Amino acid sequence: MTPPEAALRLLGDLEQVVLGQEAVLRQLMITLLARGHALLEGVPGTAKTLAVRALARGLGLDFGRVQFTPDLMPTDLIGVNILGDAGFTYRPGPVFADLLLADEVNRAPPKTQAALLEAMEERQVTVDGETRPLPAPFTVFATQNPVEYEGTYPLPEAQVDRFLMKIVVDYPPAEAERAILDRHETGFRADDELTYPMGDPMTRQELLEMRADVNRVHMDERVRRYVTDIVRATRNDAAFVLGASPRAGVALFQASRAEAYLLGRDFVTPDDVKALSFPVLRHRVVLTAEAEVEGRSSDDELTSLLETLEAPR
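Since the model is a prediction, treat every value here as computed from it, not as a measurement. Here, residues in each chain are numbered from 1, in the same order as that chain's written sequence. In keeping with the model being predicted, local features are shown solely for residues with a pLDDT of at least 70 and side-chain atom pairs are shown and tallied solely at 80 or more, while totals for entire chains, interfaces and linings include all residues. Values reported for side chains reflect all heavy atoms of the structure, with hydrogen atoms and water molecules removed beforehand.

A. A look at the packing of helix H10 (residues 246-262) against helix H11 (residues 270-281). Look at H10 against H11: their axes get within 9 Å of each other, and the N-to-C directions meet at 130°. Relative to H11, the element H10 is oriented oblique. Note that H10 runs across H11; the crossing there is right-handed. Along its contact with H10, which presents Ala248, Ala251, Leu252, Ala255, Ser256, Glu259 and Ala260, the element H11 presents Asp272, Val273, Leu276, Ser277, Val280 and Leu281. Under the convention adopted here, Pro, Cys and the residues Ala, Val, Leu, Ile, Met, Phe, Trp and Tyr are nonpolar, Asp, Glu, Lys and Arg are charged, and Gly plus all remaining residues are polar. Taken together, the residues that form the contact of H10 with H11 break down as 9 nonpolar, 2 polar and 2 charged. Every angle, taken between N-to-C directions, lies between 0 and 180 degrees, and every axis is a line fitted to C-alpha atoms, over only the stretch in contact when it is a helix. Numbering of helices and strands starts at the N terminus; helices are DSSP runs of H or I of at least 4 residues and strands are runs of E of at least 2. Each angle gets one of four labels, with under 35 degrees taken as roughly parallel, over 145 as roughly antiparallel, 65 to 115 as roughly perpendicular, and the rest as oblique. By the definition used in this description, the sense in which the near helix is turned from the far one sets the handedness, with an anticlockwise turn below a right angle giving left-handed and a clockwise turn giving right-handed. We call two residues contacting when some pair of their heavy atoms lies within 4.5 Å.

Written out as structure tokens, the structure reads:
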């Protein structure tokens, strides 16, 4: 297997658009290659929307964006049948896109959030009993504000579990913030893709071929057992009232293969699994009240858990 030149080239372009968020951009690429969906969490103004928009530009795919609000209805998302002179005509919603940005997804009520479930899991939607398939590369990138912010609705566990990864977007370092100001002085605008310093977009066929390459990355039996051990350990950890589901093991397996692929390898190492454990598992476990009171995070507890498990050599 040759190194993924197209993917690495796209990553380089994205890093020129979104400054100081290299880890976030890499995890977005892993999500895409692993045929998953990602939840990006961070305070407003940390380039979550810009990152997804730039990714869509670099992929050359159809891009849809929905601003989730308290009055957003499920039909605003998946579409509706309209009665006309010739009978009912289906008017598709913005979910019919190759890449969907669900912006501030936790500002919409649970009923609307649930409308994404079938689309994310089955890559299809059902309206008035008729099922309609979504485009082959369909991927959801949802952004949310931290749950303690006013006017937010916590996502239900069933929906959160559909996201391959939860990507935490923090503030960029000081030098990146200074570079952001310099770049705006020279004409960059986040709302104008023509100002993005990016090369020619990737083709749909290149993306599908890379996904096929990821599926050929090998994971040794000992490393697969390590994945299972990590997931099962979350269910026995006293710091969690809810551990990770079997779906989490599949997600960690696939995300680790995508990471190995980006590194130009055709096999997964335990370090790949360990590194991806945090974005894959942090939203699938629930801390006890005692751990929350002590100010510990899911990442803190996952770090402690990984230290108790012996990785294969």
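B. Structural detail: the packing of aromatic side chains. The rule is short: rings of Phe, Tyr and Trp, with Trp giving its six-membered ring, pair when the centres are within 6.5 Å, and they are stacked under 30 degrees, edge-to-face over 60, tilted in between. Taken as a whole, this structure holds 2 aromatic pairs when the rule is applied. When the ring of tyrosine 90 is compared with that of phenylalanine 96, the centres are 6.1 Å apart and the planes differ by 75°; the resulting orientation is edge-to-face. A simple rule labels every residue: compare its accessible area, found with a 1.4 Å probe on the protein chains alone, to the largest value its type can have, and call it buried under 20%, exposed over 50%, or partly exposed in between. Exposure remark for tyrosine 90: the relative accessible area of 16% places this residue in the buried category. Relative accessible area serves as the criterion here: at 27%, phenylalanine 96 is assigned to the partly exposed category. An angle of 25° between the planes, with centres 5.7 Å apart, marks the rings of phenylalanine 188 and tyrosine 196 as stacked.

C. Focus on the pattern of salt bridges. Note on definitions: salt bridges are taken to be side-chain nitrogens of Lys or Arg within 4 Å of carboxyl oxygens of Asp or Glu. Tallied over the full model, the rule gives 18 salt bridges. Close ionic contact of arginine 225 with glutamate 221 constitutes a salt bridge, the shortest N to O distance being 3.5 Å. Taken together, the positions of arginine 225 and glutamate 221, both in helix H9 (residues 221-236) and 4 residues apart, correspond to about one turn of that helix. The exposure class assigned to arginine 225 is partly exposed, which follows from its relative accessible area of 43%. The exposure class of glutamate 221 is partly exposed, given its relative accessible area of 38%. In this structure, glutamate 301 engages arginine 296 in a salt bridge whose closest nitrogen and oxygen atoms are separated by 2.3 Å. For glutamate 301, a relative accessible area of 8% puts it in the buried group. Beyond isolated ion pairs, a larger network of salt bridges with shared partners links Glu121, Asp161, Arg162, Arg247 and Arg284.

Keep in mind these numbers describe shape, not what the thing actually does.
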